[in-house]
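Inside the fold
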Amino acid sequence: MAGWMWLRCVVGPHLQRIHRSPEQSRPEGRSGRRGWNYQARSLEKHTHSILGWASALWSLSYYSSPLLLCYLYRKGYICSSKFVPVSQYVGTVLVCLLGVACLRGWGRWKNSEYLQFISILEETKTNHTPANKKKLRCYDFDFASWPSDFSWTEVSSPKLSKGGVSLLKPEPRLRGAADSVLNSVRTLPCHIISFLIAHSFGRRMLYPGSVGLLQKAMRPMLQQGQARLIEEFDGQRNKLVACDGNNIDTMFVDRRRDGGQNGQTLVICCEGNAGFYEVGCMNTPLEGGYSVLGWNHPGFGGSTGVPFPQNEANAMDVVIQFAIHKLGFQLTDTVIYAWSIGGFTATWAVMSYPEIQSIVLDASFDDLLPLALKVMPDSWRPLVQHTVRQYMNLNNAEQLLKYQGPVLLIRRTRDEIITTTGPEDIMSNRGNNLLLKLLQFRYPKIMTDEGVRVVRQWLGASSHLEEASVYSGYEVDDDWCTSVLQSYQADRDVLFPWSVGEDMTVEGRRQLALFLARKYMQNFDTTHCTPLPATEFHSPWRL
């Protein structure tokens, strides 16, 4: 029995922190504290540090392998005569690391806190009851060893296709059979290069948070943020298994028992390209008293996989299914809140689940392609277009137009990330394009050339004073605009697009265009990465 327990300590996960719920007793000398960092003894601490450095060197070697292999080849080290000595050297290093791992296991075996943890973990894997899960949630450890709490296989999902959930695909160009074959042969090199770009530096440029070295650097901050969510907000960490087999790391804070109206609404948060729920936009609705469900992109934090659009949508799907079937929320009580690149999964969610109450998009964009073209050389334009459309087609606007519910867009007036020229040019903010496409689809008779012109004039205002000046300059009557829209809604089919404004004067359409722009978008005078205050987060406008 002792030998088996030592072996479990050798291969067991790294324990980082111990949480305690309010009803549990606290060990002597730790009164008044909801949690504390796990105190490894000297042997475990030093051996774990050695293994950590070995892991970091391996990650560094992996990312620099193309340059390293070229250097070794030029120096003549890649040849059969060098293979045996190198193999012996690698074997010696592996044996030494194995010995270090055994010593770390011995150190853990001598620590009562780790022994208690590993016993609870093994018991939970054998008997996955709510009582065991509650005990296990008192520990923060490597998420790879966390038992799964929910899988997409537990519920039937008619939205699944062969490769996962359904995505909108770019429309293919119509060609004859002969032209199609000839074109495929001619563009084969472009296809190969695009694939290599997307699966190497392209994906890492788009989602830098998926890079292991960055996650290692951020680990102390992420652990601190997770401890705060669990110990101050009674957050519940869960592992979800998506339809592609990826494990999705989630955090749920339940406010339904607090009695507030906001607590009855679930806000599902979609983070940015270097955002994690531990330190991301999840904090904004939390401060507003909402129930909140945060999750990490595939390849971020405890989530596995890589964040390509298909994997992202698969993850979003299992998060929504989990909210419905395990947490007990209705789609009509669910709001999707996204920051930056999280707009892709947010718009996919409301497109695929149109019963969702509403969506809030903060500092998001309409389409990835213009932003990708901004950072790449002009000579690469055809290659960038092909790569984005085939492998990274974040078509937020196209997905959002499929949704009929309330929408709120939050534009950062000094945004330096989603502008195509610079933060000083507010008209190059791609949030403007997202608003215009949405209004032109929903209200085509209002958003004529004149309607688009006045909305662009309003979007060009760089301060609240300038906005008010444009708004008052066209003498917009909010009460009249509301009555016109309510009358149309009461008398006709309410599905968008609406034909309201068809028989209206130019002045009337201008007023409605500005009124709708102001209702669908709010400005926040800050940069892209500034956290959104809870006072700026609210439900979208609805008639």
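What you see is a predicted model, and the numbers here were worked out from it, not measured in a lab. (Residues numbered from 1 in each chain as written. Predicted model: local features only at pLDDT ≥ 70, side-chain atom pairs only at ≥ 80, totals over all residues. Heavy atoms only, no water.)

Topic: the packing of aromatic side chains
Put simply, the rule reads: Put simply, two rings from Phe, Tyr or Trp (the six-membered ring, in Trp's case) pair if the centres are within 6.5 Å, and we call them stacked under 30 degrees between planes, edge-to-face over 60, tilted for the rest. Burial classes follow relative accessibility: with a 1.4 Å probe on protein chains only, a residue under 20% of its type's maximum area counts as buried, one over 50% as exposed, and anything between as partly exposed. The helix count covers DSSP runs of H or I at least four residues long, the strand count covers runs of E at least two residues long, and both are numbered beginning at the N terminus.
Going through the model one piece at a time under the given rule, you end up with 22 aromatic pairs. Taking 5.3 Å as the distance between ring centres and 15° as the angle between the ring planes, the aromatic pair formed by F141 and W146 counts as stacked. Residue class for W146 comes out buried when judged on its relative accessible area of 5%. Ring centres of F195 and Y391 lie 6.0 Å apart, and the angle between their planes is 70°; on these two criteria the pair is classed as edge-to-face. Highlighted residues: F195 in helix α8 (residues 188–206) and Y391 in helix α14 (residues 381–391), separated in sequence by 196 residues. Looking at Y391, the relative accessible area reads 22%, which means it is partly exposed.

Section: the domain arrangement of the chain
Test applied: Where a domain begins and ends is set by an automatic assignment or by a domain database. Residues count as neighbours in contact if any of their non-hydrogen atoms are within 4.5 Å of one another. Joining two parts hides part of their accessible area as seen by a 1.4 Å probe, and the buried area is that hidden amount summed over both. A carboxyl oxygen of Asp or Glu within 4 Å of a side-chain nitrogen of Lys or Arg is what we treat as a salt bridge. Polar contacts, as counted here, are pairs of nitrogen or oxygen atoms within 3.5 Å of one another; within protein the pair requires one atom able to donate a hydrogen and one able to accept it, and residues that are adjacent in sequence qualify only if both atoms are side-chain atoms. Note that Gly is not counted as nonpolar here; it falls among the polar residues with everything else outside the nonpolar set of Ala, Val, Leu, Ile, Met, Phe, Trp, Tyr, Cys and Pro and the charged set of Asp, Glu, Lys and Arg.
Domain annotation of the chain identifies domain 1 (1–19 + 36–152), domain 2 (187–405) and domain 3 (423–542). The distance between the C-alpha centroids of domain 1 and domain 2 comes to 28 Å. At the interface, 23 residues of domain 1 touch 26 residues of domain 2. In total, about 2100 Å² of surface goes out of reach between domain 1 and domain 2, with carbon and sulfur atoms giving 59% of it. The tally of links from domain 1 across to domain 2 stands at 2 salt bridges. In this structure, D140 and R237 form a salt bridge, with 3.5 Å as the shortest nitrogen-oxygen distance. Along the contact surface separating domain 1 from domain 2 lie 14 residue pairs in polar contact (both at pLDDT 80 or more). Only β1 (15–19), α2 (42–63), β3 (139–141) and β4 (150–151) provide two or more residues apiece to the side of domain 1 that touches domain 2. For the side of domain 1 that touches domain 2, the element with the highest residue contribution is α2, accounting for 6 residues. The residue makeup of the side of domain 1 that touches domain 2, split by class, is 12 nonpolar, 7 polar and 4 charged.

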